[in-house]
Amino acid sequence: MNSFASLLGKLDIHALPHDKITQGGAASLVLGMVAVVVLLTYFKRWKWLYREWLTTVDPKKIGIMYIVVALLMLLRGGADALMMRAQQATSVGAAHGVLSSDTFQQVFSAHGTIMIFFVGMGLMFGLFNLIVPLQIGSRDVAFPVLNATSFWLYAAGMALVNLSLVVGEFSAAGWLAYPPLSELKYSPGVGVDYWIWSLQIAGIGSLMSGINFFVTIVKMRCKGMDLMKMPLFCWSVLTTSVMIMFAFPILTVTLTLLALDRTLGMHFFTAGAGGNAMMYVNLIWAWGHPEVYILVLPAFGVYSEIVATFSRKSLFGYKSMVGALAAIAILSFTVWLHHFFTMGAGADVNAFFGIMTMLIAVPTGVKIFNWLFTMYQGRIHFASPMIWFMGFVFLFTLGGVAGVMMAVPPIDFQVHNSLFLVAHFHTMIISGVIFGYLAGITYWFPKFFGFKLNERLGKYAAWCWIVGFILAFGPLYILGLMGATRRLDHYSAAMGWQQLFIVAGIGVLIIGLGVFFQLLQFGVSIWQRKARLDYAPDPWRGRTLEWATPSPVPVYNFAKLPEVSGRDAFWAMKQTKQAAADKDFMDIRLPKNTPAGLLVAGFAFAAGFGIIWHIWALLVIGGLGVLSSIIIRSTAERTEYTIPAKQVERIETEARARESYA
Amino acid sequence: MEESAVVRPPSLKEERQEADSKTIFGFWVYIMTDCVLFASLFATYAVLHNNTVGGPGGKELFSLHYALTETLLLLTSSFTCGLAILAARARDKDKVLFWLGVTFLMGFGFLGLELHEFHSLAVSGNSWRRNGFLSAFFTLVGTHGLHITSGLIWMGTMMIRVAGSGLGRINVRRLTLLSLFWHFLDIVWIFIFTIVYLMGGAGV
Amino acid sequence: MSEVAAYRAKEGGSMRSYTVGFIISIGLTIAAYLLVTQKVLSGWGLVYAIIGLAVVQLFAQLFFFLHLGRGPNRKWNFVTLILMLIIVFIVVAGSLWIMHNLNYHMTPQQMNQYMRQQDGGI
């Protein structure tokens, strides 16, 4: 009995949640998963799930999976936000709010971790997968199986974070887990280990994707598409991929060093034995700052596509837009110290990084002006993607200005880690990243599903998010200047902050209403899809190649790989009334489905769980499993299948018939 | 590409060359990211290398001639790996297996020397648990060692593959990737030798 | 042209190039080793010298073993190499500068003096 217990490492019955809130969260998670399993069994869809989704290497499907998972995680991160607002609006003076201190700390740690890694990165990679191959006129990404593996590693990381809700606890050390708090001495539980390993696993997936999309864009553009003729979204993906490639190894190292401290008793960040906790802060932000630009640059790319399309004009200042993206990519590696101006560096170091931080605002400003110049004298159509964009322009500019303020070290000394900072970065991430990706989803949805989302509900959602955001974060700027620090779970009534916190709470509820409208929008649109289905390949009068395919897109993307001669290639095709290919179809070879990615990620998940709970046998099995899966996959011989030309012709003819019918 | 009135699909040979070139480029890009990984470990080592908390430092603990032996062993294995690739181009299976085998043995020898050094440090009270300096040393050198181990596993499977199915296009491509990896690991070792052992041994 | 010769012309790599690279590398390695063991230089002069030798060996191996500058991807290989070197320089040099600065400013005065006595430098 004893040896069995020791086989389970640190795992025992006490790992199950103790307090009501966590129990509630865990219960809803488990019930949700049970519901999915029941539905799949009832509708006899297991084989379909395995064949069509679990083993797919089609980037279009992988993109959809990323976005579905990311949106689910948005709900979880949003629930965390609601809890935090509820706590801070009510925990004043004698009252102590709805959460215990420890729960509150896990909630804000989970909120940040989930939103950045699993919502932001998930939506981003989702759009990469959906859009890049189409926009560059290619059938696939450079390394399809690697691509699938990246998704499943992301899912494995997500699974670990969610598992912490049911078995064990999550980190209470913030979304970046600074030592010494995150060291074993002050966080003896498994929370920080869950944080480390879910991010490590998902991070490897991200790194692989960065490499994948970089090679895809460099090597797989269609004939005639020079780099300077690419759609701007692809430029944003290219520059972002460079940042991912060079930033994520730093994260891998930093997480490993913390793990080595915790698990093998090393002394990287433990002060007593020659460690240096400041080195952690330095390294994590050397990754962390490029990370936030990684998140936002593709959103800028989305805006470039949207603004051009809905202004019926080609994007103003293409070259300077490209230059701005490249400048931001490089500069993003030169500013990271501004996250710890107050840690004690001298004035020379602080001044250098302060100046670099101010500099990086310039290329972003260039982009804002170029979008506005694009709109100027355009024939603007205010579809919901444009509403998201208008909200972005207004809010991002203001939030960005707050950032430039904090780039000045003496000002930062006053507002570092206050709610002013919190308001700033939420402005950047919500109005930049989230609005951008939500707008992108709305914009590109009809391409992959053959029908538009309900526009009216989409506009309600956008307005709720914009108004809700202003109410939720406007007060936080003021509170920060009044001296409120971040991560407070209680404050004295004498501060006079409560009213502003209540306003912020109302704001979050309005954002919640916006989310509700979005869920309703999906539900209603799908419910009404038979009526809405018009298969229109080009519902927004687009300018770039993805609109040159049928909607939904056939598995091979293009029956004949396009040849282009300028920017806005599809626009040019429309002007010259280039007829779609209707003869000379050829056989098309595509990669076969494979469970390799799923297996690698599954074993990685097991290994991660093993390290977290010190179940060493599981770690060994997981590690060997990953290795074996890779080796076995490498022995696979016939990894492609062919779609005969006749079938391609049939698919194309049917698609065209559908379009004219609707 | 030549002009043609009708769009000509790429020939199978062209497609395969494109695919190979894409894969080899992708691997090169991965190696670039691995450089950043090692750079971060080097930076950590540089920051912590004096944090001995009164214990012995590099000057006391490192044997320079031992490190030189390791270095020459790995360097020679990088050379013999190159010879294996030349043999692969010439489609000479026996030569490929011979030179890969020599490379493998030298790599294995290198690993053995390294593990011996780690072991003697650990049992003499200078394990990774002692202080920041040793944590950084073991992690930097150990990460390189883990990469070498992966390379050896890869090399072993490649030798089995080549022995079994010969030097087809895919195997030659994979050997090219392996050789890129192996050369890269030798380059990283140059810097470990210089920054950790030589500078440590000189007491800098 | 035979396939092998054609490959050599395109991709680079020949017995000669590997051998030359090997001999240069051995020479540079032993030179650096001797600089240290024979105590030819010391202090920062020694550091610059052996790092310089390492960088030369890096380029030698990049050229002779990794065939940088040849092959179908040579332009993009070079671009990614340069980008990587820039980022590595920024992150490593930046980190060393920052950590040195932080260590100096965040160490109590007495510790500074103690360390100055013990290690001959901060």
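Rules used in this analysis
Residues numbered from 1 in each chain as written. Chains lettered and ligands numbered in written order. Predicted model: local features only at pLDDT ≥ 70, side-chain atom pairs only at ≥ 80, totals over all residues. Heavy atoms only, no water. Helix = DSSP H or I, 4+ residues; strand = E, 2+ residues; numbered from the N terminus. Buried < 20%, exposed > 50% of the residue type's maximum accessible area, 1.4 Å probe, protein only. Contact = heavy atoms within 4.5 Å. Areas by Shrake-Rupley, 256 points an atom, 1.4 Å probe, with all protein chains shown as cover. Rg over C-alpha atoms; globule rule 2.2 N^0.38 Å. Buried area = accessible area lost by both parts, 1.4 Å probe. Salt bridge = Lys/Arg side-chain N within 4 Å of Asp/Glu carboxyl O. Pairing = 2+ DSSP bridges. Expected span 1.5 Å × (residues − 1). Phe/Tyr/Trp six-rings, centres within 6.5 Å; stacked < 30°, edge-to-face > 60°. Lys NZ or Arg CZ within 6 Å of the ring centre and 35° of its normal.

Attention shifts here to the overall build of chain C. Check the secondary structure of chain C and you find five helices and zero strands. Listing the helices and strands of chain C from first to last along the sequence gives α-α-α-α-α. By residue count, 42% of the 122 residues in chain C fall in the buried class. A sequence separation of at least 24 residues applies to 51% of the contacts in chain C between residues at least 6 apart. By element, 67% of the accessible surface of chain C is carried by carbon and sulfur atoms, the whole surface being about 6900 Å².

This next bit is on the overall build of chain B. The helix and strand inventory of chain B stands at six helices and zero strands. Seen in sequence order, chain B has helices and strands lined up from the N terminus as α-α-α-α-α-α. In terms of C-alpha radius of gyration, chain B reaches 21 Å, well past the compact-globule figure of 17 Å for 204 residues. Per-residue burial for chain B yields a buried fraction of 60% across its 204 residues. Summarising the internal contacts of chain B: among those between residues at least 6 apart in sequence, 82% fall at separations of at least 24. Of the roughly 7800 Å² of accessible surface on chain B, 65% is carried by carbon and sulfur atoms.

This part is about unusual backbone geometry. Residues and elements named next belong to chain A. With an omega dihedral of -5 degrees, the bond running from proline 179 to proline 180 counts as a cis peptide bond. Following serine 551, the chain continues into proline 552 via a peptide bond in cis, with omega recorded as -5 degrees. Assignment of secondary structure puts proline 552 in the loop between α17 (529–532) and α18 (569–575). The residue glutamine 377 is not glycine, and still its phi comes out positive at about 60 degrees.

Right, let's talk about the interface of chain C and chain B for a bit. Each partner contributes residues to the interface: chain C has 40 residues there, and chain B has 39 residues. With both sides pooled, the region where chain C packs onto chain B buries about 3700 Å², and carbon together with sulfur makes up 82% of that total. Area buried by chain C at its contact with chain B is led by C:Tyr18, C:Tyr33 and C:Leu66, which between them contribute 16% of it. The tally of links between chain C and chain B comes to zero salt bridges.

Quick look at the pairing of strand β1 (residues 588–591) of chain A now. Regular strands show a simple pattern: their side chains alternate between the two faces of the sheet. Residue and element names in this part refer to chain A. What you see with β1 is a clean split: Ile588 and Leu590 sit on the buried side and Arg589 and Pro591 on the side with no burial. Across four bridges, the pairing between β1 and strand β2 (residues 640–643) is antiparallel. Directly across from proline 591, in β2, lies its bridge partner glutamate 640.

Further remarks concern helix α7 (residues 191–219) of chain A. Compared with an ideal rise of 1.5 Å per residue, which puts 29 residues at 42 Å, α7(A) spans 42 Å between its outermost C-alpha atoms and is within 8% of the ideal. Of all 29 residues in α7(A), 27 are buried, a share of seventy percent or more.

Looking now at the pattern of salt bridges. Two side chains carrying opposite charge are able to pair once their charged atoms lie near each other. One pass over the structure, following the stated rule, counts 14 salt bridges over all chains. Between A:Glu654 and A:Arg650 there is a salt bridge; the shortest N-O distance is 3.9 Å. Linking A:Glu654 with A:Arg650, this pair stays in helix α21 (residues 645–661), spanning four residues, or about one helical turn. A salt bridge links B:Arg173 to B:Asp20, with the shortest nitrogen-to-oxygen separation between them at 2.7 Å. Placement of the pair is B:Arg173 in helix α6 (residues 169–201) and B:Asp20 in helix α1 (residues 12–48), with a sequence separation of 153 residues. Accessibility assignment for this pair places B:Arg173 and B:Asp20 in one class, buried.

This part is about the side chain of B:Thr143. Within the secondary structure layout, B:Thr143 lies in helix α5 (residues 132–165). The contact partners of B:Thr143, leaving out residues within four places of it in the chain, are B:Leu37, B:Phe38, B:Leu41 and B:Phe138.

Another aspect to go through is the environment of A:Leu127. Residue and element names in this part refer to chain A. Residue placement: leucine 127 occurs in helix α5 (residues 101–135). It is 28 Å that separates the C-alpha atoms of leucine 127 and serine 629, two residues lying 502 residues apart in sequence. Other than its neighbours up to four places away in sequence, leucine 127 contacts Ile67, Val132, Phe233, Val302, Tyr437 and Trp444.

A few words now on the interface of chain B and chain A. Counting residues at the interface gives 36 residues for chain B and 36 residues for chain A. Summed over both partners, the interface of chain B with chain A buries about 2900 Å², with 71% contributed by carbon and sulfur atoms. Run the count over chain B and chain A and you get one salt bridge. B:Glu15 is the partner of A:Arg589 in a salt bridge, and the nearest nitrogen-oxygen pair spans 2.7 Å.

Moving on: the packing of aromatic side chains. The tally for this structure, following the rule as stated, stands at 80 aromatic pairs over all chains. Judged by centre distance (5.0 Å) and plane angle (80 degrees), the ring pair of A:Tyr42 and A:Phe43 falls under edge-to-face. Assigned by exposure class, A:Tyr42 and A:Phe43 land together as exposed. Joined through ring pairs, the aromatic side chains of B:Tyr45, B:Phe62, B:Phe110, B:Phe118, B:Trp128, B:Phe133, B:Phe137, B:Phe138, B:Trp189 and B:Tyr197 make up one cluster. Across the ring face of A:Trp571, the terminal group of A:Arg543 is positioned such that the distance to the ring centre comes to 4.2 Å. We note C:Arg70 situated over the ring of C:Phe63; from NZ or CZ to the ring centre the distance is 5.0 Å.

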